[in-house]
Amino acid sequence: MTSTLPATATSREDAAALDVADPLAHFRDRYLPLAPGVTAYLDGNSLGRPLAAIAERSDAFIREQWAGRLIRGWSEGWMELPEQVGDELAAATLGAAAGQTLIADSTTINFYKTLRAALALRPDRTRIVIDRDHFPTNRFVVESVVRDLGLEIAWLPGSVDGGVTVDALAEVLDERVAVVALSHVAYRSGHLADAAAITAATHRAGALVVWDLCHSVGACEIELDAWEVDFAVGCTYKFVGAGPGAPAFLYAAARHHDRLDQPLWGWLGRADPFEMEQGYRPAPGIRSMMSGTPSIPGVLAVREGARVIAEAGMPAVRAKAVALTELVVELADSWLAPEGFTLASPRDPARRGGHVSVARADARQVCAALVEAGVLPDFRTPDVVRLGVSPLPASFVEVWDALAVMREIGR
Ligand SMILES: Cc1ncc(COP(=O)(O)O)c(C=O)c1O
Ligand SMILES: Nc1ccccc1C(=O)C[C@H](N)C(=O)O
């Protein structure tokens, strides 16, 4: 695990000193400023803030590439962008060698495609392992696949801190399990799973993994190749910052490419799509995971997000994510616990992603009051205020001020 910045701040001046010492502080200026009336943004794990470069490059793309090249653009490089930018994101933050990552579709669609591809590699097995606190879209996709294919779900027993663990997995893993499909960082608790250990345990049982990286990409270090992950998916609109509805990514390990069998056959996943031939014949490699036309402005926005992460370097980004969440935990302990809030995230930073959740029965009202006061958090049912700090645009003073407002509101 990366070394952490010291996050202890007992005064606003201390928080300001942390900003002065922060080696990534200058990246804040790359983002468009907060809107008038917003003093703190603590929802980077639902929607990241926009990089100014995305606004500028989008405008240039429309004026020069789209207007200038029109249909010619597709044969002048647009068509290759999903794989090229996939490789850039993979190098910046996924720990994956080239040729295994694609930018396309949404996480929901990619989760469906990779889950079915994984199941197709284990045709004699009948079970999918997921956990009750998996993000709803993943549970629903699994429930529909189980219904359509006549399979079964093996629910992972919940752990006290909302996370998925090797011990919990051991209770359900047997020779019937085809796929273990879990979140690297749990969307509610922020628990960071030990993906390497869970992947290894899954493989020992002869099953395959599909990791959802939505809440970890851009906040946690990820080593898909080294962990020998089979499949992974994730969105790019949280810590990668590519914008609302920006295309998601999917990863399929190269060792599975000669037997990749995904369910949404489309023309762009076919070899030689412009031959318009009869019958489906998959394109080689990761390209076969593609279905229809990619959003080029969206893929280019992902490129900007990947570039800024590559420039900052994931170890430094992770160190700041840890330092920021440590400050949230410290302030929650000293200011919010006396007001009846409880920490609903792991206390150990090595087991925590890029957000911290605090619980109180009236969390919905607390969130509404925070928004009214210019501090934007997230509410998650039933009783959680979720504080998501994006490592690149967020500052320590922003966290200090936001928590100070929350203390007043919580009184
Ligand atoms: C873990 C997780 N998976 C999936 C999604 C959603 O995917 P999609 O972009 O397809 O709505 C989210 C957030 O929206 C998420 O947090
Ligand atoms: N895509 C969204 C669209 C609208 C509002 C929120 C989202 C989120 O991403 C929520 C997030 N996945 C979560 O963990 O709660």
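Criteria and cut-off values
Residues numbered from 1 in each chain as written. Chains lettered and ligands numbered in written order. Predicted model: local features only at pLDDT ≥ 70, side-chain atom pairs only at ≥ 80, totals over all residues. Heavy atoms only, no water. UniProt positions renumbered as here; feature names shortened; annotations may be inferred. Phe/Tyr/Trp six-rings, centres within 6.5 Å; stacked < 30°, edge-to-face > 60°. Helix = DSSP H or I, 4+ residues; strand = E, 2+ residues; numbered from the N terminus. Lys NZ or Arg CZ within 6 Å of the ring centre and 35° of its normal. 1 Å grid on protein atoms, 1.4 Å probe; cavity = no way out; pocket = protein on both sides within 12 Å on 5 of 7 lines; lining within 4 Å. Points joined across faces, edges and corners; volume = space filled by probe spheres on them. Domains from an automatic or database assignment. Near = heavy atom within 4 Å. Polar contact = N/O pair within 3.5 Å; in protein donor to acceptor, adjacent residues only side chain to side chain. Sits in = over half its atoms within 2 Å of the grid points. Nonpolar A, V, L, I, M, F, W, Y, C, P; charged D, E, K, R; others polar.

Per an unreviewed UniProt entry, the protein chain goes by the name Kynureninase and belongs to Nakamurella flavida. Word for word, the UniProt comment on the protein chain under Function (unreviewed entry) is "Catalyzes the cleavage of L-kynurenine (L-Kyn) and L-3-hydroxykynurenine (L-3OHKyn) into anthranilic acid (AA) and 3-hydroxyanthranilic acid (3-OHAA), respectively." Database annotation for the protein chain, UniProt heading Sequence similarities (unreviewed entry): "Belongs to the kynureninase family."

Visitor: Residues and numbers for the packing of aromatic side chains, please.
Guide: For any pair of aromatic rings, the description rests on two quantities: the centre-to-centre distance and the angle between the ring planes. Applying the stated rule across the entire model yields six aromatic pairs. Relative to Tyr-187, the ring of Phe-135 lies with its centre 5.0 Å away and its plane at 85°, an arrangement referred to as edge-to-face. Taken together, the positions of Phe-135 in the loop between β3 (127-131) and α6 (136-149) and Tyr-187 in the loop between β5 (177-183) and α8 (195-204) put the pair 52 residues apart, joining distant regions of the chain. Seen from their ring centres, Trp-267 and Phe-274 are 5.2 Å apart, and the 70° between their planes marks the pair as edge-to-face. Across the ring face of Trp-155, the terminal group of Arg-132 is positioned such that the distance to the ring centre comes to 3.8 Å. Over the ring of Phe-341 we find Arg-360, and its NZ or CZ is 4.3 Å from the ring centre.

Visitor: Residues and numbers for the layout of surface pockets, please.
Guide: Taken as a whole, the largest pocket encloses approximately 280 Å³ of empty space. As for the largest pocket, its lining consists of 25 residues, and the residues nearest its centre are Phe-135, Cys-214, Cys-235, Tyr-237 and Lys-238. Each of domain 1 (12-50 + 313-410) and domain 2 (77-311) accounts for three or more of the residues forming the lining of the largest pocket.

Visitor: Summarise the site of ligand 1; cite the residues concerned and give the values.
Guide: Near ligand 1 the following residues occur: Ser-106, Thr-107, Thr-108, Phe-135, Thr-137, Asn-138, Ser-183, Asp-212, Cys-214, His-215, Tyr-237 and Lys-238. Backbone polar atom of Thr-107 to an oxygen atom of ligand 1: 3.4 Å apart, as the coordinates give it. His-215 is positioned such that a nitrogen or oxygen atom in its side chain is 2.9 Å from an oxygen atom of ligand 1. Cavity membership is defined here by more than half of the atoms lying within 2 Å of grid points; on that basis ligand 1 lies in the largest pocket. Those elements that provide at least two residues to the shell around ligand 1 are α5 (107-120) and α6. Grouping the constituent residues of the shell around ligand 1 by class yields three nonpolar, seven polar and two charged.

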